[in-house]
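Observations on chain architecture
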Amino acid sequence: MTIKVTIPQASEQFSQLLKLVLRGEEIAIYNEDNDNIPVAHITPNPSNKSKQIPGQDRGKIFIAPDFNAPLDDEILADFIGE
C-alpha cells in the first residue's frame with residue numbers, strides 16, 4: 001500500500017517515513033496544490049532484500065507422514081458447513 005503525504009508532511013516526518021520504507025512501504029509525496037499527481041516516490045531499494053539461498057532451511061521443515069490421509073468426518077464438516 002502506498003502512503004500519501006504532502007511536501008510539508010514529508011519534511012516534518014522524514015525519519016518516520018524512512019522507517020516505513022525500510023519495512024517495505026512506498027511513500028508518495030504530493031504537492032499541496034495538486035494532490036492528484038505525485039511529485040516524488042520513496043521506495044525500498046530492491047538490492048536490500050535478503051538473498052534466497054537454496055537449501056538454507058534444510059532440516060527445518062518436514063511433511064507429516066499422513067499428509068495425504070483423508071480428513072476426519074468432523075473436520076470435513078467444518079469445511080463443508082454441515
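**Quick word on the environment of E32**
Residue placement: E32 occurs in the loop between β2 (26-30) and β3 (38-42). Judged by relative accessible area, which is 57%, E32 ranks as exposed. Spatially, the C-alpha atom of E32 lies 58 Å from that of L71, the residues being 39 residues apart in sequence. The residues touching E32, leaving out its near neighbours within four places in the chain, are T6 and P8.

**Brief notes about the pattern of salt bridges**
Where charged atoms from two side chains of opposite charge come close, those side chains can pair. Considering all chains together, one arrives at one salt bridge under this definition. The shortest N-O distance in the salt bridge between D57 and K60 comes to 3.7 Å.

**Examining a nonpolar patch on the surface**
On the surface, a nonpolar cluster with roughly 500 Å² of combined accessible area is contributed by L71, I75, L76, F79 and I80. Inspection of the secondary structure puts F79 in helix α3 (residues 73-80). Since its relative accessible area comes to 67%, F79 is described here as exposed.

**Concerning the sheet that holds β3**
Think of a sheet as strands paired side by side through backbone hydrogen bonds, with each pair either parallel or antiparallel. With mixed pairing, the three strands of this open sheet are ordered in space as β1-β2-β3. Looking at strand neighbours, the two that pair on one side only are β1 (2-6) and β3, the edges of this open sheet. The sheet shows a mean angle of 25° between the axes of neighbouring strands, taken without regard to direction. Both β1 and β2 contribute to a ladder of five bridges, which runs parallel. Paired with K4 across the bridge in β2 is A28.

**Some details on the nonpolar core**
Generally speaking, soluble globular proteins have nonpolar side chains that are buried together. Residues V5, A10, L17, V21, I27, I29 and I42 constitute the largest nonpolar core, which totals seven residues. Counting only elements with at least two residues in this core, the list comes to α2 (14-22) and β2. In this structure I27 touches T2, I3, V5, L17, L20, V21, A40, H41 and I42, once residues within four positions along its chain are discounted.

**Examining the confidence of the model for the protein chain**
Close reading of the predicted structure is inappropriate where its pLDDT is low. Residues at a pLDDT of 70 or more form 94% of the protein chain, whose mean pLDDT is 87. Across the protein chain, the element-wise mean pLDDT spans from 86 in α3 up to 95 in β2.

**Description of a negative patch on the surface**
Residues D72, D73, E74 and D78 make up a contiguous surface patch of negative charge. For E74, the position within the fold is in helix α3. E74 sits in the exposed class, given a relative accessible area of 63%.

What counts and what doesn't
Residues numbered from 1 in each chain as written. Predicted model: local features only at pLDDT ≥ 70, side-chain atom pairs only at ≥ 80, totals over all residues. Heavy atoms only, no water. Helix = DSSP H or I, 4+ residues; strand = E, 2+ residues; numbered from the N terminus. Buried < 20%, exposed > 50% of the residue type's maximum accessible area, 1.4 Å probe, protein only. Contact = heavy atoms within 4.5 Å. Salt bridge = Lys/Arg side-chain N within 4 Å of Asp/Glu carboxyl O. Patch = residues over 30% accessible without salt bridge, like charges linked within 9 Å, V, L, I, M, F, W, Y side chains within 5 Å. Areas by Shrake-Rupley, 256 points an atom, 1.4 Å probe, with all protein chains shown as cover. Pairing = 2+ DSSP bridges. Axes fitted to C-alpha atoms, helices over the stretch in contact; angles between N-to-C directions. Core = buried A, V, L, I, M, F, W, Y, C linked by side-chain atoms within 4.5 Å. pLDDT = per-residue confidence, 0-100. Lys, Arg positive; Asp, Glu negative; His and termini not counted. Charge placed at Lys NZ, Arg CZ, Asp CG, Glu CD.

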